[in-house]
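# Remarks on the overall topology
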Amino acid sequence: MIETTTHLDDYRSALVNHPLYNKIGSINSIKRFMETHVFAVWDFMSLLKRLQLELTCASIPWIPVGNPITRRLINEIVFGEESDVNQKGQPVSHFELYLQAMEDIGADTSAINIFIKQLKQGKSWENALVNSGASQAAIQFVRNTMAYVEHAPIYVVAGVFTYGREDLIPDMFISIVRKLSDKGHLGAQTLLYYLERHIEIDGDEHGPMALQMIDELCQGDAAKKQKSINAAQQALQSRIKLWDAIAETL
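Residues numbered from 1 in each chain as written. Predicted model: local features only at pLDDT ≥ 70, side-chain atom pairs only at ≥ 80, totals over all residues. Heavy atoms only, no water.

### Structural notes on the overall build of the protein
Stated precisely, the cut-off is as follows: For helices the rule is a DSSP run of H or I covering at least 4 residues; for strands it is a run of E covering at least 2, with both sets numbered from the N terminus onward. Throughout, the radius of gyration refers to the C-alpha atoms, and the reference size of a globule is 2.2 Å times the residue count to the power 0.38. Accessibility here uses a 1.4 Å probe with only protein chains present; expressed as a share of the type maximum, an area under 20% marks a residue as buried, one over 50% as exposed, and anything in between as partly exposed. The contact criterion used throughout is that any non-hydrogen atoms of two residues lie within 4.5 Å. The protein chains shown are the only cover counted for residues, whose accessible areas, like all others here, come from Shrake-Rupley with a 1.4 Å probe. Here the positive residues are Lys and Arg and the negative ones are Asp and Glu; neither His nor the chain ends is included. A charged residue contributes its charge at one atom only: NZ of Lys, CZ of Arg, CG of Asp or CD of Glu.
When helices and strands are counted, the protein shows 12 helices and two strands. The globule rule puts the C-alpha radius of gyration for 250 residues at 18 Å, and the 18 Å found for the protein is close to it. When its C-alpha atoms are laid out on the principal axes, the protein stretches across 50 × 40 × 35 Å. Put simply, the protein has 250 residues, and 52% of those count as buried. In the protein, once contacts between residues fewer than 6 apart in sequence are set aside, the share between residues at least 24 apart is 73%. Looking at the protein as shown, the accessible area adds up to about 12,000 Å², and 52% of this sits on carbon and sulfur atoms. Of the side chains in the protein, 23 bear a positive and 30 a negative charge, and the two mean positions are spaced by 5 Å.

### Some remarks on the packing of aromatic side chains
Selection rule: When two rings of Phe, Tyr or Trp (its six-membered ring) have centres within 6.5 Å they constitute a pair, described as stacked for plane angles under 30 degrees, edge-to-face for angles over 60, and tilted for the intermediate range.
Using the criterion set out here, one finds seven aromatic pairs in the structure. Geometrically, the ring pair formed by F39 and F115 is tilted, given 5.7 Å between the ring centres and 55° between the ring planes. One end of the pair, F39, is in helix α2 (residues 27-55); the other, F115, is in helix α5 (residues 110-120), and 76 residues separate them in sequence. The same class applies to F39 as to F115, namely buried. Residues Y98 and Y194 carry aromatic rings whose centres are separated by 5.0 Å and whose planes lie at 70° to one another, so their mutual orientation is edge-to-face. Of this pair, Y98 sits in helix α4 (residues 94-105) while Y194 sits in helix α10 (residues 186-202), and the two are 96 residues apart along the sequence. Y194 sits in the buried class, given a relative accessible area of 6%.

### Some remarks on the packing of helix α11 (residues 206-218) against helix α12 (residues 222-249)
Worth spelling out the cut-off: Working convention: axes come from line fits to C-alpha atoms, limited for helices to the stretch in contact. Angles between N-to-C directions cover 0 to 180 degrees. Angular relationships are summarised with four words: roughly parallel below 35 degrees, roughly antiparallel beyond 145, roughly perpendicular across 65 to 115, and oblique for the angles in between. Here is the rule for handedness: rotate from the far helix to the near one, and if that takes an anticlockwise turn smaller than a right angle the crossing is left-handed, while a clockwise turn gives right-handed. Nonpolar residues are Ala, Val, Leu, Ile, Met, Phe, Trp, Tyr, Cys and Pro. Charged residues are Asp, Glu, Lys and Arg, and all others, Gly as well, are polar.
It is the contact of α11 with α12, at a shortest axis distance of 8 Å, that shows an interaxial angle of 135°. Judged on the interaxial angle alone, α12 and α11 are oblique. Judged by the twist between their axes, the crossing of α11 over α12 is right-handed. Where α11 abuts α12, its residues I214, D215, L217 and C218 lie against K224, K225 and S228. The residue inventory of the contact of α11 with α12, partitioned by class, reads three nonpolar, one polar and three charged.

### Quick notes on the packing of α2 against helix α8 (residues 154-164)
A packed helix pair is summarised by two numbers, namely the angle formed by the two axes and the spacing between the axes. Relative to each other, α2 and α8 sit at 140°, their axes nearing to 10 Å. Put simply, α2 runs oblique to α8. In the crossing of α2 with α8, the sense of the turn from one axis to the other is left-handed. In this structure, α2 contributes F44, L47, L48, R50, L51, E54 and L55 to the contact, and α8 contributes I154, V157, A158, V160 and F161. When the residues that make up the contact of α2 with α8 are grouped by side-chain class, the tally is 10 nonpolar, no polar and two charged.

### Some points on the environment of G133
Tracing the backbone shows G133 in the loop between α6 (125-132) and α7 (136-151). Spatially, the C-alpha atoms of G133 and V160 are 26 Å apart, while their sequence positions differ by 27 residues.

### Details of the pattern of salt bridges
Put simply, the test is: Each salt bridge in this description consists of a side-chain nitrogen of Lys or Arg and a carboxyl oxygen of Asp or Glu lying within 4 Å of one another.
Counted under the stated rule, the structure contains eight salt bridges. The shortest N-O distance in the salt bridge between K49 and E82 comes to 3.2 Å. Of this pair, K49 sits in helix α2 while E82 sits in helix α3 (residues 68-82); the two residues are 33 residues apart in sequence, bridging distant segments of the chain. With a relative accessible area of 27%, K49 lands in the partly exposed category. Among the ionic pairs, E76 bridges to R72, the shortest N-O distance being 3.0 Å. Residue E76 and its partner R72 are both found in helix α3; the two are separated by four residues, about one turn of the helix.

### Brief notes about α11
Which entries qualify depends on this criterion: The span you would expect from a helix comes to 1.5 Å times its residue count less one.
Between its terminal C-alpha atoms α11 stretches 18 Å, which fits the 18 Å expected from 13 residues at 1.5 Å a residue. Considered for burial, the residues of α11 that qualify are H206, G207, M209, A210, L211, M213, I214, L217 and C218. Once α11 ends, the next one or two residues include Q219, with phi positive near 55°.

Written out as structure tokens, the structure is:
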């Protein structure tokens, strides 16, 4: 669990205790949840890649960039997200693992598959998103995230990444998925593995490193730190709106 500033505690509490989770108790409700949430799984990677591009060297010729501790944090998270293993020990990204869980559970993957296909064809993310058939809630959420990815200073992106995305799935939801998995639902087993891998890989080490990353990027500038916190608040509000919208469909 990442240590938070008191300015963010209310928002994070609202997410962890959101009434959405009281509406999830069946395979069908998890399907509906995943069909929208998958877009948040995707845009998390764009936040991470923006950090990787600016805080590590991703060009030729190579030179050492930034702080070694920050480089280690970003590279570890990229490795875990892009090159983890599935239940059979085969390499897979967490996004692909989530798609596999959707397929196993019988969720509709058509919107996210169209979105990814159009991105591969060179379409802009905005056009691909609109053309995909994604819900309006998913579209608005991705737009909010990509505004930070494309336009925000790197210390603001770090704030959104650190406080807004990594550890907001409550034990209650994991317990629901575990019970369904214990009943033999294959899709729930894959989803449970995805959730448990996130917990295992995030660990206790990444939280302090992420906080240190923000401090280093803000360089003692109180105004920068406040902007990063403000952006994190807005990102958490965006996630609350996404949860509100999913809850309304259940």
